[in-house]
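Structural overview for review
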Amino acid sequence: MREPAIAWMPGKIKPGQTTELAATVDLFVTIVNIAGGEVPTDRPIDGIDMSPILFQQQKSDRNYYFYYSSAPDPDDGVFATRYQQYKAHFYTKGGMAGPPYRDHDCWDAATKKKHDPPLLFNLMTDPSEQYPLGGVMYEDILNMIVNITETFNKEMTWHPSEIQASDPHVMPCCKPGCSRYPICCTCEDTTNWTTKSPTFN
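Below is a short write-up of the structure. Since we're looking at a predicted model, the values are computed, not measured.

Calculation criteria
Residue indices begin from 1 for each chain and proceed along its sequence in written order. Only residues with pLDDT of 70 or above have their local features reported here, since the model is predicted, and side-chain atom pairs are shown and tallied only from 80 upward, although totals for entire chains, interfaces and linings are computed over all residues. For the side-chain quantities, the full set of heavy atoms in the structure was used; hydrogens and water were omitted. Salt bridges are identified by distance alone: a Lys or Arg side-chain nitrogen within 4 Å of an Asp or Glu carboxyl oxygen. Going along the chain from the N terminus, every DSSP run of H or I of four or more residues is numbered as a helix, and every run of E of two or more is numbered as a strand. Think of it in three bands: with a 1.4 Å probe and only protein chains considered, a residue is buried below 20% of the maximum accessible area for its type, exposed above 50%, and partly exposed in between. Stacked, tilted and edge-to-face are the three classes assigned to paired rings of Phe, Tyr and Trp, where Trp is represented by its six-membered ring and a pair needs centres within 6.5 Å; plane angles under 30 degrees give stacked, over 60 edge-to-face, the rest tilted.

1. A word on the pattern of salt bridges
Tallied over the full model, the rule gives 5 salt bridges. The closest approach of N and O atoms between Lys59 and Glu20, which form a salt bridge, is 3.3 Å. In this pair, Lys59 is assigned in the loop between α2 (51–56) and β1 (64–67) and Glu20 in the segment before α1 (26–34), connecting sequence segments 39 residues apart. You can call Glu20 partly exposed: its relative accessible area is 24%.

2. Some thoughts on the packing of aromatic side chains
This structure, assessed with the given rule, holds 6 aromatic pairs. Judged by centre distance (5.4 Å) and plane angle (55°), the rings of Tyr64 and Phe66 are tilted. For Tyr64, a relative accessible area of 36% corresponds to the partly exposed category. Ring plane angle 80° and centroid distance 5.0 Å describe the contact between Tyr65 and Tyr67, whose orientation is recorded as edge-to-face. Cluster of aromatic residues (ring-pair linked, three or more members): Tyr64, Phe66 and Phe152.

Okay, here's the thing in structure tokens:
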């Protein structure tokens, strides 16, 4: 998922725009550094400091980003990897987007599919990821992404999921303990709700 973001700090951030790569995991490190704090060194931190992008209009220190499924599995590892403007899909599986935005491989019931070689896309020319790249001219970039991903998978330290927790009382779900999580977490049916206009005296 790629979304625009707005950073606003009068007197510090100059008006403009950038297409440099950054991620939500970078917010923690960036905010800590801006506030003059210290980023913990006793554990791996995935984020990087976005200050050079925000304040000096420089290049991002992030060249790649790893994507997992909604229910990450150590046996699968990374589902997709982005390197600069390229993105390689090692697996695809149905998503939870609304019907207007789905293609035939993105329904909830779509099964997990492994791709070997991975599907490669150029996000600058194909942001909807509809036209996989192939041929000799892309072998080097694809091999680089595969090597980066394999190294990351080997070095990844897995922690028990806080979302897929065994204690249903800490599940962020209005039906704790239900299955198939998180799709089953549908709250009260609102389709038959009626709205009453306020009465003013």
